[in-house]
Amino acid sequence: MVSLNKVMLIGNVGGDPEMRFTPSGSPVTSFSVATNRFYKTPEGEKRQETDWFNIVTWSKLAEQCNQFLAKGRLVYVEGRLHNRSWDGNDGQKHYRTEIVASQVTFLDRQDAGMAPVEKTEEVGGDLGEPGDIPFS
């Protein structure tokens with residue numbers, strides 16, 4: 001049986017990335033990306049719709065994203081959709097859909113004081129299990 005799970009986004013980082021470490025010491029960085037869609041209503045009024053996506057990166061890619069991304073940066077993200085659930089401290093079941101990134105490309109110019117970075121980092125295979133993510 002053939003299947004495909006691939007997501008590609010271009011958008012702006014919604015806030016500074018947050019890096020954590022799994023119990024085994026693997027770095028994991030999460031951040032949000034906003035994409036905008038512009039359209040006209042039937043009455044001719046211009047509108048903008050924003051969608052927000054939760055991104056998770058692992059290993060060296062996680063370190064690079066934590067170091068070089070900041071709120072407002074324009075990025076291309078490629079990865080796969082992943083759904084996870086957990087029991088919260090309140091006893092309730094929580095659900096989250098996120099994009100596990102295999103590639104992140106920084107599309108805008110870097111700030112003058114920012115060190116150069118490899119623009120694309122490819123990650124092969126799964127580097128962590130859903131239960132390894134140290135934050136929700």
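Thresholds applied
- Residues numbered from 1 in each chain as written.
- Predicted model: local features only at pLDDT ≥ 70, side-chain atom pairs only at ≥ 80, totals over all residues.
- Heavy atoms only, no water.
- Helix = DSSP H or I, 4+ residues; strand = E, 2+ residues; numbered from the N terminus.
- Contact = heavy atoms within 4.5 Å.
- Areas by Shrake-Rupley, 256 points an atom, 1.4 Å probe, with all protein chains shown as cover.
- Core = buried A, V, L, I, M, F, W, Y, C linked by side-chain atoms within 4.5 Å.
- Buried < 20%, exposed > 50% of the residue type's maximum accessible area, 1.4 Å probe, protein only.
- Polar contact = N/O pair within 3.5 Å; in protein donor to acceptor, adjacent residues only side chain to side chain.
- pLDDT = per-residue confidence, 0-100.
- Salt bridge = Lys/Arg side-chain N within 4 Å of Asp/Glu carboxyl O.

A.B. asks: Would you mind going over the overall build of the chain with me for this structure?
C.D. replies: Counting secondary structure elements, the chain contains 1 helix and 6 strands. Seen in sequence order, the chain has helices and strands lined up from the N terminus as β-β-β-β-α-β-β. The contacts of the chain with a sequence gap of at least 6 include a subset with a gap of at least 24, amounting to 60%. Looking at the chain as shown, the accessible area adds up to about 8600 Å², and 47% of this sits on carbon and sulfur atoms.

A.B. asks: Sorry, what's going on with the nonpolar core here?
C.D. replies: Considering soluble globular proteins, one finds that nonpolar side chains tend to be buried as a cluster. Core analysis: the largest hydrophobic core is formed by 16 residues, its most contacted members being F31, I55, L69, V75, V77 and V104. Taken together, the elements giving at least two residues each to this core come down to β1 (7-13), β3 (27-40), α1 (59-68), β5 (74-87) and β6 (93-106). The dominant element in this core, judged by the number of residues it contributes, is β6, at 4 residues. In contact with V77, other than residues within four places in its own chain, are V7, M8, L9, V33, I55, I99, A101, Q103 and V104.

A.B. asks: Even after reading the chapter, I still don't get unusual backbone geometry, so can you show me in this structure?
C.D. replies: Among all residues except glycine, the phi angle is most often negative; among peptide bonds, the trans geometry is most common. Positive phi, normally seen in glycine, also occurs at S59, with a value near 60 degrees. Its location among the elements puts S59 in helix α1. Assessed through its relative accessible area of 32%, S59 is described here as partly exposed.

A.B. asks: Explain the side chain of T29 here, please?
C.D. replies: With respect to the element layout, T29 can be found in strand β3. A polar side-chain atom of T29 sits 2.8 Å from the main-chain carbonyl oxygen of A62.

A.B. asks: So what exactly am I meant to see when it comes to the confidence of the model for the chain here?
C.D. replies: Scored by pLDDT, the chain has a mean of 85; 80% of the residues are at 70 or more. Scored below 50 in pLDDT, residues 112-130 shows 36 contacts in the model against residues more than four places distant or in partner chains.

A.B. asks: What is the right way to look at the pattern of salt bridges in this model?
C.D. replies: Oppositely charged side chains can pair when the atoms bearing their charge come close. If you walk through the whole model with that rule in mind, you get 8 salt bridges. A single salt-bridge network, built from bridges that share partners, covers R84, R96 and E98.

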